[in-house]
Structure formats: structure tokens, C-alpha cells
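Summary of structural features
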Amino acid sequence: MKLMRVFFEKRDRARYISHLDLTRCMTRAFARTTIPIWFTEGFNPHVYMTFALPIPLGMEGLRESFDFKLLEDDFPLEEIKRQLNAALPQDLQVLEAAPAVSKPEAITWGDYEIRLYDPAGGTALAEDWERFLAQPAIMAEKKTKHKCQEVDLRPHITQLSREIEDGCFTVTLRLPAGAALNLNPSLVLGALWQYRGSEAEYPRIARTAILRADLTPFT
């Protein structure tokens, strides 16, 4: 038996699938394949499947992952990809299947592309963003299961790129992700809306990469 890691993309309409429904979708996809997957034991056997860092509802993921246990070590990896993609919807497709290397605890960073439509062409929004980012502190209320706490986002925001194109302002950020600290980019957007006094139209967020502490991809 071998622990496998499946990398997949969750785009367009699939971004509105909740994490629970995503798990159900993947479970049903496996049921339509001949992949020899391990089931838990006991009174209610079910497919063993764990997601390292689930994304919130409404966010796209360009390289997400989940783990499962493969019963036959010599089962072709390309066959896992082919069979799952044949059973999955168009906007939810497997990119690669490989033996798991890192533990989920190794996840430290997430890269996010935030795309904001601006009727004025994007320039005003880009200027507001630069002034917003130039603040010495950017305070936001971060909610957890047990409490709410005020967090200064500014030390944790790394801007990787920015551009204006076709009436959209797009910025790519690197934010902490994982067990130690996990900052949702929606927190950054919420703070930006509060700073501007208004929201941009049709915001779209995609997680483009999940990284380890040394900035290498999570594998």
C-alpha cells in the first residue's frame, strides 16, 4: 500500500463547490474507476482521502491536492489521472498523481492571484492599492473557530506582481498558509474595501501555488 498525492485544479464553476461537496465528488469519481483505493475499516467503511489545505468557497485553485492510499504499488500513475478525469466535471480536473513526499505540516506559504474589475480601467484601483499597501499597518479581524483577533496583515503580505489589462487590476500575493498562520486573501480584500470605502466589481481569487518554508512547491 502506498500513500498517493493527487494534484488537481478547481476552476470557473467548480469554485462554487464547497469542501464537503468536493470530497463527495471525488469519492463518487473513484467509485466510477478501477483504481484500487483503500477504504477505512470498521462499521462505516469509506474512502480514505485527506486534503492538505482546503480553499474557501468561491476561490479557484490551480494546483490543489489530496491524499489517498493505493492498494497496488504497481498501478500506473497516468491511469489514475486518466480515469479520474473521465469521471470528473470539466472544471475539476486532475493534473498529476504521484507518491506523497512532504507532510501537510510542511506547508508554509500560498501564492494568490487577485483579479479586480474596474470600470474606470484599473488605474485608479491600482493607485488605491499602492497607497493601501504603503500603510505602516493594515489591521483586520481574523476569525477562528474559537475566537476573533485583530491581526496586522502588512508584515505578512508579499507582492509578487501587479498589472493592469483589459479594465482589470491583477495583483499576485504571497501569504502565510498552513498550521502556524493561515491568512485568507479575502482578509486583504476586506481591508482594502474598508480603506477605499467601496468594493471593486467581480473580484476573482485563485490560489496558484502551495509552498514549503523554503519556497519550493508542496509535493
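One structure accompanies this document, and this report is about it.

Criteria and thresholds
Residues numbered from 1 in each chain as written. Predicted model: local features only at pLDDT ≥ 70, side-chain atom pairs only at ≥ 80, totals over all residues. Heavy atoms only, no water. Phe/Tyr/Trp six-rings, centres within 6.5 Å; stacked < 30°, edge-to-face > 60°. Helix = DSSP H or I, 4+ residues; strand = E, 2+ residues; numbered from the N terminus. Buried < 20%, exposed > 50% of the residue type's maximum accessible area, 1.4 Å probe, protein only. Lys NZ or Arg CZ within 6 Å of the ring centre and 35° of its normal. Contact = heavy atoms within 4.5 Å.

**A few points about the packing of aromatic side chains**
Tallying each qualifying case throughout the model produces eleven aromatic pairs. Ring plane angle 40° and centroid distance 5.5 Å describe the contact between Trp-129 and Phe-132, whose orientation is recorded as tilted. Placement of both Trp-129 and Phe-132 in helix α3 (residues 123–133) is noted, with a separation of three residues, approximately one turn of the helix. Looking at Trp-129, the relative accessible area reads 2%, which means it is buried. Among the residues examined, Phe-132 registers a relative accessible area of 1% and is labelled buried. Through successive ring pairs, a cluster of aromatic residues spans Phe-8, Phe-30, Phe-51, Phe-66 and Phe-68. The ring centre of Phe-7 lies 4.2 Å from the NZ or CZ of Arg-63, which sits over that ring. Looking at Lys-69, its charged tip hangs above the ring of Trp-38, at a distance of 4.7 Å from the centre.

**Some thoughts on the environment of Leu-77**
When you line up the elements, Leu-77 lands in helix α2 (residues 77–87). Residue Leu-77 is classed as partly exposed on the basis of its relative accessible area, which comes to 31%. In this structure, the C-alpha to C-alpha distance between Leu-77 and Val-6, residues 71 residues apart in sequence, is 9.8 Å. Setting aside residues no more than four positions away along its own chain, Leu-77 makes contact with Met-4, Ala-97, Ala-98 and Pro-99.

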